[in-house]
Amino acid sequence: MAVFEFSPRLTEAAEKAMQLCREPFAELDRLAELNGQKVLKAFIDNRISDIHMKGTNGYGYGDDGRDKLDAVFAQILGAEDALVRHNFVNGTHAITTALFGILRGGDTLLSITGEPYDTIQGVINGDDIGSLKDFGVKYAQVDLLPDGMPDLDGIRAKAAGCKVAYIQRSRGYSLRPSFTIDIIGEMIEAVRSVNKDCIVMVDNCYGELVEEREPLAVGADLIIGSLIKNLGGGIAETGGYIAGNARAVELCAYRLTTPGTGKEVGASLDQLRGMYLGIFHAPEAVCAALKTSVFATALFEILGCECFPKYNEKRTDIIAALKLGGEQQLIAFCQGIQAGSPVDSFAAPEPWDMPGYDSKVIMAAGAFTMGSSVELSADAPLREPYAVWLQGGLTFPTGKTGIMLAAQSMMDKGLI
Ligand SMILES: *Cc1c(COP(=O)(O)O)cnc(C)c1O
């Protein structure tokens, strides 16, 4: 029985793609089981109870649910401490809080993975907006090598004397590879070989629970991310986290609230249950997103498109980029993803002039949480290399169907 109508050509290609997925999926199931166990153990060890989900109002003194949630995240991520708050408005805010928490006037911030993600650039170098530069923090950068890999010699040449070395794990909107935990470990070793006191900060967005270890296991001091990505499990309504060594997390908390009070204040309101349920569900949500991504890259490779990463490459984040070939292809793909979304399926996305971009961008997202990208979503700037960046999928059956509808939308218009 078929619920959706797919053409015989697409059905056949999808069956082939599922054959290719067999091995990668077995590995993903193994990972989800391991991470599921880690999450369950963190709940058990911290004696989580229904009272911890209730939340507080006012100043939020003695908010045990909030403090226990920090402990649960810390255990799962292999951190000494964590700061998990709905008050972080997005990932950029959590990263900004960490940068301002650690850096002081005169210090140098060194990005060792080239240009940081778009939204972080103004935080570092903006003019007269209260950026790090405005507060006298210096910035330096080690560019990636032409093949997109880190320049370890360049890192050793520049890391002496810097206060913070900054690593972005995920590709963002580029075709460079995302960096595995092993590679992050090599970068950190290069930093420490010339500067053992350097604080290493990792933008961990989209990478959480994709490998067995997090960057803290290979020597990072702080990892930071958003709760409407992996660790919110598609359930947390908003928020972000910072995790790592206890002193560094404390300094970040002093920046988020006030110097001296830090983690002691901040009412959790009605947000705790969603954050607890979200982290509990995160290993499965990440697994579903990865399966959706692996299926999409297998299918589109069969259909003749170059995909980054390839379906059988080791994963370290939930993002994939598919080079579809042209504007019409990108539009048809995104419209197909939108049509296959649980929310706003009836809307047809159009390319628009998004602030900060030098070309039109088309985006597809029909999500339960606005802007959530652990839910199936796609973004494509209409310019070279004519690639769509694809992420998320809360359940594999719905994620796979969304990808099929996107492919069918292209086929119906003769675009693939
Ligand atoms: C999503 C993301 C961020 C933070 O983005 P927000 O939209 O502010 O949550 C930062 N870095 C990378 C690489 C990201 O993917």
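Refer to the structure printed above.
Residues numbered from 1 in each chain as written. Predicted model: local features only at pLDDT ≥ 70, side-chain atom pairs only at ≥ 80, totals over all residues. Heavy atoms only, no water.

Draft legend 1. Examining the pattern of salt bridges more closely. Taken as a whole, this structure holds 20 salt bridges when the rule is applied. Across the pair Arg213 and Asp182 runs a salt bridge, and its minimum N-O distance is 2.9 Å. Placement of the pair is Arg213 in the loop between strand 5 (199-203) and strand 6 (222-226) and Asp182 in helix 6 (residues 181-194), with a sequence separation of 31 residues. The salt bridge partner of Asp353 is Lys360, with a shortest N-O separation of 3.1 Å. (Salt bridge = Lys/Arg side-chain N within 4 Å of Asp/Glu carboxyl O. Helix = DSSP H or I, 4+ residues; strand = E, 2+ residues; numbered from the N terminus.)

Draft legend 2. Up close: the site of the ligand. Around the ligand, the surrounding shell consists of Asn90, Gly91, Thr92, Ile95, Tyr117, Gln168, Asp203, Cys205, Tyr206 and Lys229. Contact distances for the ligand include 2.5 Å between an oxygen atom and a side-chain N or O atom of Thr92. Between the ligand and the protein, one listed contact pairs a nitrogen atom with a side-chain N or O atom of Asp203 at 2.5 Å. A total of 370 Å² of accessible area belongs to the ligand in isolation, and the protein chains cover 87% of it. (Near = heavy atom within 4 Å. Polar contact = N/O pair within 3.5 Å; in protein donor to acceptor, adjacent residues only side chain to side chain. Areas by Shrake-Rupley, 256 points an atom, 1.4 Å probe, with all protein chains shown as cover.)

Draft legend 3. Focus on the packing of helix 9 (residues 327-339) against helix 10 (residues 396-412). It is at 7 Å that the axes of helix 9 and helix 10 come closest, and there the two elements cross at 140 degrees. Between helix 9 and helix 10, the interaxial angle falls into the category oblique. Crossing of helix 9 over helix 10 shows right-handed handedness. Note on element contacts: helix 10 touches helix 9 through Gly402, Ile403, Leu405, Ala406, Ser409 and Met410, opposite Gln329, Ala332, Phe333, Gly336 and Ile337. Here the residues of the contact of helix 9 with helix 10 are counted per class, giving seven nonpolar, four polar and no charged. (Axes fitted to C-alpha atoms, helices over the stretch in contact; angles between N-to-C directions. Parallel < 35°, antiparallel > 145°, perpendicular 65-115°, else oblique. Left-handed = near helix turned anticlockwise from the far one by under 90°. Contact = heavy atoms within 4.5 Å. Nonpolar A, V, L, I, M, F, W, Y, C, P; charged D, E, K, R; others polar.)

Draft legend 4. A look at the nonpolar core. Formed by 100 residues in total, the largest nonpolar core has its most connected members in Phe73, Phe295, Leu299, Phe300 and Phe333. Examining the composition of this core, we find that 15 residues originate from one element, helix 8 (residues 272-302), more than from any other. Not counting the four nearest positions on each side in its chain, Phe333 is found in contact with Phe300, Leu322, Leu324, Ala378, Val388, Leu390, Ala406 and Met410. Grouped together as the second largest cluster of nonpolar side chains are 27 residues, Ala94, Ile120, Tyr166 and Ala253 included. (Core = buried A, V, L, I, M, F, W, Y, C linked by side-chain atoms within 4.5 Å. Buried < 20%, exposed > 50% of the residue type's maximum accessible area, 1.4 Å probe, protein only.)

Draft legend 5. Up close: the pairing of strand 11 (residues 377-381). Among the five residues of strand 11, five are classified as buried, and the element is accordingly described as predominantly covered. Residues Ser377, Asp379 and Pro381 point to one face of strand 11 and Ala378 and Ala380 to the other, with burial holding for every one of them. Relative to strand 11, strand 10 (residues 361-365) runs antiparallel, the two sharing five bridges. Following the sheet pairing, Ile362 is matched in strand 11 by Ala380. In textbook terms, the turn of a hairpin is the stretch between consecutive antiparallel strands, and for strand 11 and strand 12 (residues 387-391) this stretch comprises five residues, one of which, Tyr386, has a positive phi near 50 degrees. (Pairing = 2+ DSSP bridges.)

Draft legend 6. Geometry of the sheet that holds strand 8 (residues 306-308). Spatially, 8-9-12-11-10 is the arrangement adopted by the five strands of the open sheet, whose pairing is antiparallel. The open sheet has two free edges, formed respectively by strand 8 and strand 10, since each of these has just one partner strand. Strand-to-strand twist of the sheet, defined as the mean angle between neighbouring strand axes without regard to direction, takes the value 15 degrees. The strands touched by helix 9 are strand 9 (320-323), strand 10, strand 11 and strand 12; relative to strand 10, the strand with the most contacts, the crossing angle is about 20 degrees.

Draft legend 7. A look at the sheet that holds strand 1 (residues 81-85). Strand order in the open sheet formed by seven strands is 1-7-6-5-4-2-3, and the pairing between neighbours is mixed. Pairing within the sheet leaves two strands with one partner each, and these edge strands are strand 1 and strand 3 (138-141). Neighbour to neighbour, the strand axes of the sheet diverge by 20 degrees on average, direction disregarded. Bridge count between strand 4 (residues 164-168) and strand 5: five bridges; the pairing is parallel. Within strand 5, the residue paired with Tyr166 across the bridge is Met201. Helix-sheet contacts for helix 2 (residues 64-77) involve strand 1, strand 6 and strand 7 (240-244), and the interaxial angle to strand 1 is about 125 degrees. Taken strand by strand, helix 7 (residues 246-256) contacts strand 1, strand 6 and strand 7, and its axis lies near 25 degrees from that of strand 1.

Draft legend 8. Geometry of the environment of Leu390. With respect to the helices and strands, Leu390 occurs in strand 12. Since its relative accessible area comes to 3%, Leu390 is described here as buried. Distance from Leu390 to Ala289, taken between C-alpha atoms, is 9.9 Å for residues 101 residues apart in sequence.

Draft legend 9. Inspection of the packing of aromatic side chains at higher detail. Summed over the entire model, instances satisfying the criterion amount to eleven aromatic pairs. Aromatic pair Phe25 and Phe396: ring centres 5.1 Å apart, planes at 85 degrees, arrangement edge-to-face. Residue Phe25 is located in helix 1 (residues 8-45), and its partner Phe396 is located in helix 10; the two are separated by 371 residues in the primary sequence. Neither residue differs from the other here; Phe25 and Phe396 are each classed as buried. With a centroid separation of 5.7 Å and 70 degrees between ring planes, the pair formed by Phe43 and Phe280 is classed as edge-to-face. Taken together, the residues Phe43 in helix 1 and Phe280 in helix 8 connect sequence positions 237 residues apart. In textbook terms, an aromatic cluster arises when at least three aromatic residues are bridged by ring pairs, as seen for Phe25, Phe295 and Phe396. We note Lys229 situated over the ring of Tyr117; from NZ or CZ to the ring centre the distance is 5.9 Å. For the cation-ring pair, Lys229 lies above Tyr206, with the distance from its terminal atom to the ring centre recorded as 4.1 Å. (Phe/Tyr/Trp six-rings, centres within 6.5 Å; stacked < 30°, edge-to-face > 60°. Lys NZ or Arg CZ within 6 Å of the ring centre and 35° of its normal.)

Draft legend 10. Molecular detail of helix 2. The terminal C-alpha atoms of helix 2, which comprises 14 residues, lie 20 Å apart, in line with the 20 Å expected from a rise of 1.5 Å per residue. Here helix 2 has its buried residues at Gly65, Arg66, Leu69, Asp70, Val72, Phe73, Ala74, Ile76 and Leu77. Looking at the buried residues of helix 2, the elements they touch are helix 1, strand 1, strand 6, strand 7 and helix 8. Gly78 sits one or two residues past helix 2 and shows a positive phi near 70 degrees. (Expected span 1.5 Å × (residues − 1).)

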